[in-house]
Amino acid sequence: MSLTADAKGLHLTSHLSADCPPTVVGDESRIRQILVNLVGNAVKFTEHGAITVTISAAPEHPAEAGRLAVRFAVRDTGIGIPPDRLDRLFLPFSQVDTTVARNYEGSGLGLVISQRLAEAMNGGISVASTPGQGSTFTVTLCLGQAEPGTPMPTADSPSAPPLGRPLHVLVAEDNPINQRVAQLLLERRGHRVELANDGAEAVAAIRRTRFDLVLMDVQMPVLDGLTATERVRADPPPHGAPRIVALTANAMVDDRSATLRAGMNGFLAKPIREAELDAVLAGAAAYTDVPSGVAADAVESQRPEPTEEQTIREWVGRMAAESGDRQRVAEILHNFAERLPDTLDRMDQAAASGNTASLARLAHSLKGSSATLGANRFAARCADLEDHARRSGANPAALRDLHDHAREVVDAMEKLSHKLERTA
């Protein structure tokens, strides 16, 4: 996290208190995710000053025999939180207020996930904050005490790849700091990494070598990521085209739609979040997990593009797991499906009356909400309709196609919504 903090001129330090042993027994990945979420928030909401992480024993916290209560405190000098807004912090899809939501991107799920992870380890999270002075988030966990002589893990010990085998990943990124971060995250998971400094280098590398996954920055010199992807899709290499996932600091829906039209398979916002990276890696592993001896080009030709229901299901599974609120996810799906026919009717009326500005606006809004929920093909159709409306007016054939495809989207969302409600 120090790279992000350094970029903002923040001082990030950690301190291990003398009352805490150097080694404990616990769920390393869950603790790492909690700390990444909390430190990430501290960096995001702090413009000046410092962030300090302190680890200490918590003797006042009840713990079973052979276990130790450990306190992780993340203190920042950021914007702080008003006392009357503290109760909103651990609600899914919530931020403190709309001003914060405008200035700092995020769904508010990070704290919800961290709280649930802490509770799964018989712990919890508390917060103390003063507006304008900063906040301290404290995680208390009950961890096992290590046997005498247990060696300390080394910082450069790579994590075993959780996917069963390492992947061959190409990172196409012109910023050396971003290259270093991506390479570090991937290599610590046991994956093999190659680097390309621009889109032209990426295209050449893809033609030369078979990769399981390409992380492609959208904005690069010589050849941008979208054009590079279009060239790979138009003329795939003999050994098979890889999955290509966009890397961009611009997390706007327009950017997402552009990546889909270029032929990319997904989207990863910068700065990279480890949970989102793991989801991308898992998708790449599933995509390339084929029997040995099967020709790559044959596999590519046999593998159909994911259906709308499959991509929506992927979003549902990820969001339900991260938020822990299956009922809320079901409500979001049902709300979209219920409102979609009315939105399409208004688009028909705008087209019939020649109000192309209204048609483009409605298509733009529908594009954003459908892409957010994983309806990628539907979002791409909305993007095409929006572009046509802005350039040359309504496109009746595209609008009819959107109506036809909407039925598939509604059916998928209602089916998944009912399933979530039954298991909530």
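Calculation criteria
- Residues numbered from 1 in each chain as written.
- Predicted model: local features only at pLDDT ≥ 70, side-chain atom pairs only at ≥ 80, totals over all residues.
- Heavy atoms only, no water.
- Helix = DSSP H or I, 4+ residues; strand = E, 2+ residues; numbered from the N terminus.
- Buried < 20%, exposed > 50% of the residue type's maximum accessible area, 1.4 Å probe, protein only.
- Contact = heavy atoms within 4.5 Å.
- Areas by Shrake-Rupley, 256 points an atom, 1.4 Å probe, with all protein chains shown as cover.
- Salt bridge = Lys/Arg side-chain N within 4 Å of Asp/Glu carboxyl O.
- Core = buried A, V, L, I, M, F, W, Y, C linked by side-chain atoms within 4.5 Å.
- Pairing = 2+ DSSP bridges.
- Right-handed = clockwise from strand over helix to strand, strands pointing away.
- pLDDT = per-residue confidence, 0-100.
- Lys, Arg positive; Asp, Glu negative; His and termini not counted.
- Polar contact = N/O pair within 3.5 Å; in protein donor to acceptor, adjacent residues only side chain to side chain.
- Axes fitted to C-alpha atoms, helices over the stretch in contact; angles between N-to-C directions.
- Parallel < 35°, antiparallel > 145°, perpendicular 65-115°, else oblique.
- Left-handed = near helix turned anticlockwise from the far one by under 90°.
- Nonpolar A, V, L, I, M, F, W, Y, C, P; charged D, E, K, R; others polar.

A.B. asks: Explain the overall build of the chain here, please?
C.D. replies: The helix and strand inventory of the chain stands at 15 helices and 11 strands. The buried share of the chain, taken over its 424 residues, is 43%. Sequence separation of at least 24 residues holds for 69% of the intrachain contacts in the chain that already meet a minimum separation of 6. Put simply, the chain shows about 21300 Å² of open surface, and 52% of that area lies on carbon and sulfur atoms.

A.B. asks: In this structure, what is going on with the pattern of salt bridges? I would like to understand it.
C.D. replies: Note on pairing: side chains with opposite charge can pair once their charged atoms come close. Under the definition given, this model contains 11 salt bridges. For Lys-8, the salt bridge is made with Glu-47, and the minimal N-O distance between the two is 3.4 Å. Highlighted residues: Lys-8 in the loop between α1 (2-7) and β1 (11-16) and Glu-47 in the loop between α2 (28-44) and β3 (50-57), separated in sequence by 39 residues. Here Lys-8 falls in the partly exposed class, since its relative accessible area comes to 28%.

A.B. asks: Would you mind showing me how to read the nonpolar core here?
C.D. replies: For soluble globular proteins, the rule of thumb is that nonpolar side chains tend to be buried together. With 34 residues, the main nonpolar core has Ile-312, Met-347, Leu-366, Phe-378 and Leu-402 as its most contacted residues. Only α11 (308-323), α12 (326-353), α13 (356-372), α14 (376-392) and α15 (396-423) provide two or more residues apiece to this core. Look past the residues within four positions of Leu-366 in its chain and what remains in contact with it is Phe-336, Leu-340, Thr-343, Leu-344, Met-347, Phe-378, Cys-382 and Leu-402. Listed in part, the 28 residues of the second largest apolar core include Val-39, Val-53, Leu-89 and Ala-118.

A.B. asks: What is the right way to look at the pairing of strand β7 (residues 168-172) in this model?
C.D. replies: Two faces, one strand: in a regular strand the side chains alternate between the faces of the sheet. Across the 5 residues of β7, 5 count as buried, placing the element largely inside the fold. Burial of β7 is two-sided: the residues His-168, Leu-170 and Ala-172 facing one way and the residues Val-169 and Val-171 facing the other way are all buried. Of the strand pairs in this sheet, β7 and strand β8 (residues 192-196) are connected by 5 bridges, and their pairing is parallel. Bridging from a neighbouring strand, His-168 pairs with Arg-192 of β8. Remark: the β7/helix α5 (residues 176-187)/β8 crossover connection has right-handed handedness. In the sheet, β7 pairs with strand β9 (residues 213-217) via 4 bridges, with the strands oriented parallel. Bridge pairing in β9 links Val-171 to Leu-215.

A.B. asks: Any chance you could explain the confidence of the model for the chain here in plain terms?
C.D. replies: On average, the chain scores 79 in pLDDT, and the residues at 70 or more come to 82%. Predicted confidence in the chain is weakest over helix α10 (residues 296-302), with a mean pLDDT of 39, and strongest over β7, with 95. Note that pLDDT drops below 50 for residues 153-161; the model gives that stretch 14 contacts with residues more than four away or on any other chain. Segment residues 289-304 is flagged for pLDDT under 50; beyond a separation of four residues in sequence, or across chains, it makes 13 contacts in the model.

A.B. asks: How should I be thinking about the side chain of Glu-414 in this particular structure?
C.D. replies: If you trace the backbone, Glu-414 turns up in helix α15. There is no salt bridge for the buried Glu-414, and the closest opposite charge comes from Arg-407, which lies 6.8 Å off by N-O distance. A polar side-chain atom of Glu-414 sits 3.2 Å from a polar atom in the side chain of His-334. Every residue in contact with Glu-414, bar those within four places of it in the chain, is listed here: His-334 and Ala-337.

A.B. asks: Hey, could you run me through the packing of helix α6 (residues 199-208) against helix α7 (residues 225-234) in this one?
C.D. replies: Contact pair α6 / α7: the axes reach a minimum separation of 9 Å and the direction vectors enclose 25°. Regarding the angle of α6 to α7, the classification is roughly parallel. As for how α6 packs across α7, the hand of that crossing is right-handed. Where α6 abuts α7, its residues Gly-199, Val-203, Ile-206 and Arg-207 lie against Ala-228, Arg-231 and Val-232. Of the residues belonging to the contact of α6 with α7, the class tally is 4 nonpolar, 1 polar and 2 charged.

A.B. asks: Any chance you could explain unusual backbone geometry here in plain terms?
C.D. replies: Most of the time, phi is negative for any residue but glycine, and the peptide bond is trans. Notably, Asn-122 is not glycine yet its phi reads approximately 55°, a positive angle. By the secondary structure assignment, Asn-122 is in the loop between α4 (109-120) and β5 (124-130). Look at Val-222: it is not a glycine, yet its phi comes out positive at around 70°. Turning to its location among the elements, Val-222 is positioned in the loop between β9 and α7. A relative accessible area of 70% places Val-222 in the exposed class.

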